[in-house]
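The chain contents come next:
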Amino acid sequence: MKKFILIFAALIGMSLLILLDRYQVSGWQEKRDLALAKEAGITQLRLQNALTSRIHLTQYLKALVYMHSTLPESSQAHTTLTENEFRQFAQSLLEYNPALRALQLTDKNTQVAYVYPPKNNKIAITEPMLLIEDPLRGKYARKAIEERRMTVQPPFELRQGGLGIAARNPVFADDSFIGLAIAVIDVPTVIDDAFPNEKRSTYKVSLIDSRGNRFYHTIESNTPTERRTVSFADTHWTLEMVYKNPDASPPLLSRIIIFLFGGGFLFLLLLIIWILQNRTELLRGEVAKRTEELSQSEHRFRSIVADSEAGYFLIGVDGTYKDVNEGWLKMHEYSHREEIVGKPFTLTQDPEELERASNLLETLLKGERISTTEFSRITKSGQKKYHMCTARPVYQNGEVIGIEGFLFDITDRKKADQEKTFLMNELNHRVKNNLLMVNSLIRLKESALGGSVDLSDIRHQIDAIRIVHEKLYKTGEIAHINMRDYIQDLLTTIFSSFASQAVTLDSRVENIYINTKDAVALGLIINEIATNAIKYGFSTGDDTSQKAVFKIRMVRDFATEEYILSVSNSGNPFPEDTSIENSETLGLRLISILARQLDGTVELQKTPQALYTIRFPVP
């Protein structure tokens with residue numbers, strides 16, 4: 001088969017090369033024929049114009065005769081045309097028209113009266129005759145007179161030798177015939193003017209007169225010929241033009257080049273076919289090998305899926321199960337695949353999550369992939385279990401024909417997480433209650449000491465921690481605190497239970513969640529700043545005209561990935577000698593320590609009002 005294809009391709013290639021050569025020859029011949037037709041047309045026009053211009057010279061001679069004949073004899077200007085006048089006039093015409101062999105004038109009886117040049121033409125004078133009675137010339141003379149127009153005699157052998165034509169133009173005066181103006185034209189000279197360089201040309205010209213006689217060159221029969229009609233005066237000739245070498249063929253070099261390039265291309269094509277055939281055989285072997293490997297891989301995959309503890313499933317585009325493995329059956333407490341295959345995927349779906357499952361199925365059928373998600377599902381016995389699911393679309397011929405994936409039983413882990421959450425909530429509740437008890441014990445101790453000791457700072461620090469655990473317990477969240485709610489509750493507690501005057505809280509905190517550890521540190525910082533504002537910042541005593549305002553801002557700077565906490569009050573400025581880094585005040589040192597725990601920084605603006613700015617990175 002391989003050799004047959006190569007032989008077949010070689011035969012087609014050789015046939016195409018031959019056809020290409022024939023096409024090249026045909027195109028070359030067509031261009032050659034067009035060139036011949038063009039040259040024939042040009043030669044026709046040139047010959048026609050050359051003949052017309054020569055025979056029209058008789059008009060000048062006719063005008064000369066007419067001018068002398070029409071003047072009245074009584075006129076002083078009347079003179080008879082003399083031989084000398086004729087000779088001078090004819091000489092001027094022949095000087096610029098070498099094709100003219102002779103000019104003649106006849107009288108009214110058609111006898112030649114004047115001839116120029118006299119050399120070789122004297123016989124026309126020395127042997128006078130009436131042209132109208134001449135057997136050869138008479139009919140053309142009579143025709144010219146009768147039709148009163150120029151008549152051209154077909155080519156004939158001149159007495160002086162050579163081939164010529166005679167144009168006879170009748171002269172009339174007042175409807176009276178007074179003579180003939182005759183021009184004898186040398187035919188070869190006219191042809192040379194119309195078709196110069198004939199000897200060096202690749203073309204050959206032949207002429208046939210109006211009587212069908214070929215008088216200039218002969219042409220072999222069965223030769224492709226271009227024919228044109230040359231019309232002038234009252235006659236016409238047939239012009240035939242052929243190639244001197246009608247059997248010529250295109251240049252051999254161009255044909256050799258075509259065959260060389262074509263043969264080279266054919267060889268290259270055959271080489272490519274041979275290479276492709278070998279490559280195809282190699283690819284077939286490789287495909288067979290890969291197919292076998294794929295078959296083995298698929299067999300191993302099916303074995304792994306069948307023996308896997310994970311639950312494998314295949315769902316069609318109609319939403320029904322097409323296949324499940326033993327692991328899936330065990331997870332859902334079924335015994336046989338027949339109980340599942342063909343059933344809708346909602347068979348084991350938790351009704352509470354049916355809508356979410358349907359949306360995920362539609363998403364998968366659109367070509368998207370789900371890495372992992374969790375579902376609660378109902379087993380055959382009605383138990384609720386939790387599974388982690390991963391799924392992807394299944395394609396065939398570029399179209400989604402279903403989805404497949406795996407289920408992993410996470411029921412034990414889910415229960416452990418729920419139990420952990422319950423325990424953490426209970427722990428937060430007990431910590432909150434214990435902190436309330438500690439706070440109460442401190443308050444009792446203050447009362448027992450009779451107010452000689454102020455332990456309010458400690459109580460508010462405990463409240464800052466207590467409120468964190470209270471929030472964790474109420475929201476059910478065990479790891480993160482909403483800072484907007486937490487700061488609002490913390491400051492409300494401080495100002496309502498500690499301030500001696502009404503404090504307006506201006507809080508603009510974004511909806512930010514941070515972890516419990518950082519929330520406690522921030523709560524202690526805010527507690528210290530608020531307590532200091534109450535004790536030292538706001539105006540007290542008689543100077544209470546200024547309204548007490550406590551401002552707090554907390555935002556996330558996405559450019560630097562930092563949280564920014566700004567706290568200020570409308571009270572007194574800080575003393576200039578106060579330094580937050582080297583302060584002897586316990587509160588300021590505590591703020592600095594807590595900021596470092598957050599991996600952050602704290603800045604203090606002392607005037608005109610105290611402004612704390614704490615920056616710490618987003619975890």
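It should be emphasised that the depicted structure is a prediction, and the values quoted were computed from it without experimental measurement.

## Overview of the environment of Met150
Here comes step 1: By secondary structure assignment, the location of Met150 is in the loop between helix H5 (138–147) and strand S3 (151–157).
Here comes step 2: When its relative accessible area of 10% is taken as the criterion, Met150 is described as buried.
Here comes step 3: The spacing of Met150 and Arg168 is 18 residues in sequence and 5.5 Å in space, taken between C-alpha atoms.

## Here we look at unusual backbone geometry
Here comes step 1: Residue Pro117 is bonded to the preceding Tyr116 through a cis peptide linkage, with omega at 0 degrees.
Here comes step 2: Within the secondary structure layout, Pro117 lies in the loop between strand S2 (112–116) and helix H4 (123–126).
Here comes step 3: Residue Pro608 is reached from Thr607 by a cis peptide bond, and omega for that bond is -5 degrees.
Here comes step 4: Positive phi outside glycine occurs at Ala233, with the angle close to 50 degrees.
Here comes step 5: Relative to the helices and strands, Ala233 resides in the loop between strand S8 (226–232) and strand S9 (235–243).

## As for empty space enclosed by the protein
Here comes step 1: A full pass over the atoms with the stated rule returns two cavities of 30 Å³ or more.
Here comes step 2: The calculated volume of the largest cavity comes to roughly 230 Å³.
Here comes step 3: Along the walls of the largest cavity sit 18 residues, with Phe313, Ile315, Phe375, Arg377 and Cys389 positioned nearest its centre.
Here comes step 4: Broken down by secondary-structure element, the contributors of at least two residues to the lining of the largest cavity are strand S10 (311–316), helix H9 (354–365), strand S12 (370–378), strand S13 (384–396) and strand S14 (399–409).
Here comes step 5: Split into classes, the residues belonging to the lining of the largest cavity amount to 15 nonpolar, two polar and one charged.

## So, the environment of Gln383
Here comes step 1: Looking at the secondary structure, you find Gln383 in the loop between S12 and S13.
Here comes step 2: Of note is the side chain of Gln383, whose polar atom sits 3.4 Å from the side chain of Ser381.

## Describing the sheet that holds strand S6 (residues 203–208)
Here comes step 1: Across the sheet, which stays open at both edges, the four strands sit in the order S7-S6-S9-S8 with antiparallel pairing between neighbours. This sheet does not close on itself; its edge strands, each paired only once, are strand S7 (214–216) and S8. Each strand axis lies, on average, 35 degrees off the axis of its neighbour in the sheet, ignoring direction.
Here comes step 2: Pairing of S6 with S9 involves six bridges; the strand directions are antiparallel. Bridge assignment links Leu207 to a residue of S9, and that residue is Leu239.

## Regarding the nonpolar core
One broad trend across soluble globular proteins is that nonpolar side chains are buried collectively.
Here comes step 1: Core analysis: the biggest nonpolar cluster contains 47 residues, and Met483, Leu491, Phe550, Met554 and Tyr612 have the highest contact counts within it.
Here comes step 2: The set of elements that each furnish at least two residues to this core consists of helix H11 (456–475), helix H12 (483–498), helix H13 (516–537), strand S18 (549–557), strand S19 (562–569), helix H14 (586–597), strand S20 (601–605) and strand S21 (611–617).
Here comes step 3: Residue contributions to this core peak at 11 residues, all from H13.
Here comes step 4: Ignoring sequence-local partners within four residues, the contact set of Leu491 consists of Leu505, Ile526, Ala530, Phe550 and Ile552.
Here comes step 5: By size, the runner-up hydrophobic cluster in this structure holds 45 residues, among which are Ala40, Val152, Val171 and Val230.

## Regarding the pattern of salt bridges
A side chain with one charge can pair with a side chain of the opposite charge if their charged atoms come near.
Here comes step 1: Under the criterion given, the structure shown has 22 salt bridges.
Here comes step 2: Between Asp209 and Arg211 there is a salt bridge, and its shortest N-O distance comes to 3.7 Å.
Here comes step 3: A residue is classified by how much of its surface remains accessible, and Arg211, at 49% relative accessible area, is partly exposed.
Here comes step 4: The shortest N-O distance in the salt bridge between Asp318 and Lys322 comes to 3.4 Å.
Here comes step 5: According to the relative accessible area criterion, Asp318 is exposed, its value standing at 51%.

## Details of the sheet that holds strand S4 (residues 163–173)
Here comes step 1: Pairing is antiparallel in the open sheet, where five strands are placed in the order S2-S1-S5-S4-S3. A single partner strand is all that each edge strand has here, and the edge strands are S2 and S3. Between one strand axis and the next, the sheet turns by 20 degrees as a mean value, whatever way the strands run.
Here comes step 2: Both S4 and strand S5 (residues 176–186) contribute to a ladder of 10 bridges, which runs antiparallel. By the bridge assignment for S5, Ala166 is matched with Val184.
Here comes step 3: Across the sheet, helix H6 (residues 187–194) is in contact with S4 and S5; its angle to S5 comes to roughly 65 degrees.

Criteria and cut-off values
- Residues numbered from 1 in each chain as written.
- Predicted model: local features only at pLDDT ≥ 70, side-chain atom pairs only at ≥ 80, totals over all residues.
- Heavy atoms only, no water.
- Helix = DSSP H or I, 4+ residues; strand = E, 2+ residues; numbered from the N terminus.
- Buried < 20%, exposed > 50% of the residue type's maximum accessible area, 1.4 Å probe, protein only.
- 1 Å grid on protein atoms, 1.4 Å probe; cavity = no way out; pocket = protein on both sides within 12 Å on 5 of 7 lines; lining within 4 Å.
- Points joined across faces, edges and corners; volume = space filled by probe spheres on them.
- Nonpolar A, V, L, I, M, F, W, Y, C, P; charged D, E, K, R; others polar.
- Polar contact = N/O pair within 3.5 Å; in protein donor to acceptor, adjacent residues only side chain to side chain.
- Pairing = 2+ DSSP bridges.
- Axes fitted to C-alpha atoms, helices over the stretch in contact; angles between N-to-C directions.
- Core = buried A, V, L, I, M, F, W, Y, C linked by side-chain atoms within 4.5 Å.
- Contact = heavy atoms within 4.5 Å.
- Salt bridge = Lys/Arg side-chain N within 4 Å of Asp/Glu carboxyl O.

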